[in-house]
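Examination of the molecular architecture
Chain residues, written in single-letter form:
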Amino acid sequence: MKKHDLVYLTEDASHDAAIEIINEEAFGPGRFARAAARIREQGPHDRSLSFICTDYGETIASVRMTPVFAGTVRGHLLGPLAVRPSHKNQGIGRELVRIAVEAARRKGSEAVILVGDPPYYQPLGFEKVRYAALEFPGPVDPARVLVVPMAEGVHAGLAGIIGWRDDAAASAVPLDLLLAV
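Here's the deal with empty space enclosed by the protein
Per the counting criterion, the structure on display carries one cavity of 30 Å³ or more. In this structure, the largest cavity occupies an estimated 50 Å³ of space. Taken together, V129, R130, A132, A133, L134, F136, V140, P142 and V145 form the lining of the largest cavity. Split by residue class, the lining of the largest cavity holds eight nonpolar, no polar and one charged.

In structure tokens:
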């Protein structure tokens, strides 16, 4: 058995090139056509909720979180989650998901949503979203839309369009406009 020195870290810009290679290995060129990728194209992911795993200093896995509105729910879209082929089936992906979900919970996210394989994600706390409740910007298999609810009424709020959420713009509203409401 090969020995590893796995370290989990918050993603920063220096990891971008390695993450791109890992995602290319895992998903190929078709990754850009996926509905979840179309959401990610709308705005940047949240680096404070995105994580990598290194082995002896080499980036070997990553998970990203993108702020979204999903119906009326202020949540995060998890993905892509990818692990280099040399490190698959060692629990690294599951640990990255656990870390990212817990970070989103601490940050006040109402839900973590993804499009993925239910047998993989349900043991990690994900539940199926009501069939075809969310409208993605492209085709998606509604049976693969999953959520970790973190607030009351999340399942009821997951109805309608899912898209990128601009947290910076929301926090940049002038105080006088907020007080006038």
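Continuing now.
Examining the environment of R34
Tracing the chain through its elements places R34 in the loop between α1 (16-27) and α2 (35-40). For R34, a relative accessible area of 46% translates into the label partly exposed.

As for unusual backbone geometry
Cis geometry is adopted by the peptide bond preceding P80, which originates at G79 and carries an omega value of 0 degrees. On the secondary structure map, P80 appears in strand β4 (residues 73-83). For Y56, which is not a glycine, the phi torsion comes out positive at approximately 50 degrees. Secondary-structure assignment places Y56 in the loop between β2 (51-55) and β3 (58-70).

Comments concerning the pairing of β4
In terms of residue burial, β4 counts as a mostly covered element, since 10 of its 11 residues are buried. Pairing geometry for β3 and β4, over nine bridges, is antiparallel. Counted as the bridge partner of V63 is L81 from β4. Linkage of β3 to β4, two consecutive antiparallel strands, is achieved through a turn of two residues, within which G71 is found at a positive phi near 65 degrees. Where β4 and strand β5 (residues 111-115) come together, two bridges link them in parallel fashion. Counted as the bridge partner of L77 is I113 from β5.

As for the pattern of salt bridges
Counted according to the given criterion, the structure contains 12 salt bridges. With a closest N to O distance of 2.6 Å, D46 and K107 form a salt bridge. Taken together, the positions of D46 in the loop between α2 and β2 and K107 in helix α3 (residues 92-107) put the pair 61 residues apart, joining distant regions of the chain. Its relative accessible area of 47% is what places K107 among the partly exposed residues. Ionic pairing is found between E102 and R106, a salt bridge with its closest N-O pair at 4.0 Å. On the criterion of helical spacing, the pair formed by E102 and R106 is a turn pair, its members being four residues apart in helix α3. The partly exposed category is assigned to E102, whose relative accessible area is 31%. Overall, R106 belongs to the exposed group, its relative accessible area being 61%.

Thresholds, definitions, all that
- Residues numbered from 1 in each chain as written.
- Predicted model: local features only at pLDDT ≥ 70, side-chain atom pairs only at ≥ 80, totals over all residues.
- Heavy atoms only, no water.
- 1 Å grid on protein atoms, 1.4 Å probe; cavity = no way out; pocket = protein on both sides within 12 Å on 5 of 7 lines; lining within 4 Å.
- Points joined across faces, edges and corners; volume = space filled by probe spheres on them.
- Nonpolar A, V, L, I, M, F, W, Y, C, P; charged D, E, K, R; others polar.
- Helix = DSSP H or I, 4+ residues; strand = E, 2+ residues; numbered from the N terminus.
- Buried < 20%, exposed > 50% of the residue type's maximum accessible area, 1.4 Å probe, protein only.
- Pairing = 2+ DSSP bridges.
- Salt bridge = Lys/Arg side-chain N within 4 Å of Asp/Glu carboxyl O.

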